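Chain by chain, the residues run as shown.
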Amino acid sequence: MASHQLAGSSLGFRFSGVGSYLPAEIVTNDDLAEAMDSSDHWIRERTGIGQRHVGGTTSELATEAARAAMKRANVGPDEIDQLLLATTSPDYICPGTAPAVAEALGLDCGALDIQAACSGWVYGLVHANGLLLQGMERILVVGAEALDRITDYTDRGTGILFGNGAGAAVVERDPSGEGQLLSFDLGAAGEFVHILYAEHGDVLQMDGKEVFRQAVKAILRSANNALDRADLSVGEIDLVIPHQANIRIVESAWKKLGFSMEQTGMRLEETGNTSAASIPLVLDKMLDEGRLKSGDNVMFLGFGAGMTWATTIHRWAGESR
Ligand code: COA
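Residues numbered from 1 in each chain as written. Predicted model: local features only at pLDDT ≥ 70, side-chain atom pairs only at ≥ 80, totals over all residues. Heavy atoms only, no water.

Overview of the overall build of the protein
Link 1 in the chain: Regarding its fold elements, the protein presents nine helices and 13 strands.
Link 2 in the chain: In terms of C-alpha radius of gyration, the protein reaches 18 Å, essentially the compact-globule figure of 20 Å for 321 residues.
Link 3 in the chain: Over its C-alpha atoms, taken along the principal directions, the protein stretches across nearly 55 × 45 × 40 Å.
Link 4 in the chain: With 321 residues in all, the protein has 59% of them scored as buried.
Link 5 in the chain: Surface summary for the protein: the accessible area is close to 12,800 Å², and the carbon and sulfur share equals 48%.
Link 6 in the chain: Of the side chains in the protein, 25 bear a positive and 43 a negative charge, and the two mean positions are spaced by 6 Å. (Helix = DSSP H or I, 4+ residues; strand = E, 2+ residues; numbered from the N terminus. Rg over C-alpha atoms; globule rule 2.2 N^0.38 Å. Buried < 20%, exposed > 50% of the residue type's maximum accessible area, 1.4 Å probe, protein only. Areas by Shrake-Rupley, 256 points an atom, 1.4 Å probe, with all protein chains shown as cover. Lys, Arg positive; Asp, Glu negative; His and termini not counted. Charge placed at Lys NZ, Arg CZ, Asp CG, Glu CD.)

In structure tokens, the structure reads:
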């Protein structure tokens, strides 16, 4: 496979603003247990999830998160050169959701959806870097999901996991060269389409055990590839934000990789699995908690339906709160 080590690029890559949004309505595990044979205890123990947010459309949630990110970056709509919207729960099958979000934000630029399930936002960062290399100045990368539209909250195999939310980042060139996309790893394995999918007009279907197994494999492979390409060890990563699917997936993979939970950004208990929105939702919280400073090595690790996976390692520059 081709190498994806980008260290030394004079272009630079900084996160000038990050924002997120969760709709107000919350469904607790106890709420779910009224509609299915389950319990708060079982769901917490097997997944790490305590509640999930529901309500809103993908374009509405995306717009709120993007507004927050643009405000933090202190940029207006005319300063965004491209909108990339990662979602697996678009408002419509056709058209894409990104044009409606661009309209709501007053952008005057290209806008397209990325459908790579839970890896989509990290795929978006890599593609944003490509657009910066082509001469663009500033890209808005959003992950947004209204998964309540494709989740059966009476099915205990899937209904316990998924929720709504959105996260966004304004990324731009960093002429100082301090901020860098150090390496990335993107992958897909279409032989696993049928372990997690939704037909047109239907809800998500999942072989939970197989998804668990394949997710751990994908994480190990992708994290190791990205670390090798950046020539960094696990101990040199200051913060790793994995996709928030199931705490046991993260723990299984971490045992093999050697990451500690202290290095790890999590928000799963509060949000459930928000697919493409999960990593920027955690990133926003990490910034709130002052967990990132310039020069830190940060890893984003997405994996999900497809199967797809995407890992990036950044030397952080941009927002700190
Ligand atoms: N509440 C209570 N009991 C449940 C339950 C629920 N929601 N779901 C399953 N059970 C029961 C089963 O009936 C079974 O009972 P039995 O032993 O008496 O037959 C037992 O719990 C174990 O079921 P199993 O299907 O083996 O559970 P699991 O440990 O695999 O957990 C998932 C199920 C869905 C939580 C787990 O497979 C998972 O999280 N997989 C990954 C899914 C994921 O992350 N998807 C998104 C990827 S991006």
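Some thoughts on the environment of glutamine 134
Link 1 in the chain: By secondary structure assignment, the location of glutamine 134 is in the loop between α5 (120-133) and β6 (138-145).
Link 2 in the chain: Measuring from C-alpha to C-alpha, the distance between glutamine 134 and aspartate 148 comes to 37 Å, with 14 residues separating the pair along the chain.

A few points about the domain arrangement of the protein
Link 1 in the chain: The domain boundaries assigned to the protein delineate domain 1 (2-8 + 178-315) and domain 2 (13-173).
Link 2 in the chain: Put simply, the middle of domain 1 and the middle of domain 2, counted by C-alpha atoms, are 15 Å apart.
Link 3 in the chain: Contacts between the two partners involve 47 residues from domain 1, matched on the other side by 50 residues from domain 2.
Link 4 in the chain: Counting the surface lost from both domain 1 and domain 2, the interface buries some 3,700 Å², and carbon and sulfur atoms represent 66% of this.
Link 5 in the chain: When the area that domain 1 buries against domain 2 is broken down by residue, the three leading residues are Leu204, Glu269 and Ala276, summing to 15%.
Link 6 in the chain: At the junction of domain 1 with domain 2, the criterion picks out two salt bridges.
Link 7 in the chain: A salt bridge links glutamate 269 to arginine 44, with the shortest nitrogen-to-oxygen separation between them at 2.8 Å.
Link 8 in the chain: In this assembly, domain 1 and domain 2 are joined by 20 residue pairs in polar contact (both at pLDDT 80 or more).
Link 9 in the chain: In terms of residue count, helix α9 (residues 278-288) provides more of the side of domain 1 that touches domain 2 than any other element does, seven residues in total. (Domains from an automatic or database assignment. Contact = heavy atoms within 4.5 Å. Buried area = accessible area lost by both parts, 1.4 Å probe. Salt bridge = Lys/Arg side-chain N within 4 Å of Asp/Glu carboxyl O. Polar contact = N/O pair within 3.5 Å; in protein donor to acceptor, adjacent residues only side chain to side chain.)

Topic: the side chain of serine 275
Link 1 in the chain: Its place among the elements puts serine 275 in the loop between α8 (268-271) and α9.
Link 2 in the chain: Under the relative-accessibility criterion, serine 275 is labelled buried at 2%.
Link 3 in the chain: Here cysteine 118 takes part through its backbone nitrogen, which lies 3.4 Å from a polar atom of the side chain of serine 275.
Link 4 in the chain: Setting aside residues no more than four positions away along its own chain, serine 275 makes contact with Thr88, Ala117, Cys118, Glu145, Leu147 and His243.

A few points about the site of the ligand
Link 1 in the chain: As a matter of local geometry, the ligand sits amid 23 residues, with Ser38, Arg46, Arg156, Lys209 and Asn246 nearest to it.
Link 2 in the chain: A distance of 2.5 Å separates an oxygen atom of the ligand from a polar atom in the side chain of lysine 209.
Link 3 in the chain: For the ligand, whose accessible area on its own is 950 Å², the fraction buried by protein is 72%.
Link 4 in the chain: Secondary-structure elements contributing two or more residues to the shell around the ligand are α2 (40-47), α6 (208-230), α7 (247-257) and β12 (297-304).
Link 5 in the chain: Ranked by residue count, the leading element in the shell around the ligand is α6, at four residues.
Link 6 in the chain: Of the residues assigned to the shell around the ligand, the class counts are ten nonpolar, eight polar and five charged.
Link 7 in the chain: Taken together, domain 1 (2-8 + 178-315) and domain 2 (13-173) each give at least three residues to the shell around the ligand, which thus spans both. (Near = heavy atom within 4 Å. Nonpolar A, V, L, I, M, F, W, Y, C, P; charged D, E, K, R; others polar.)

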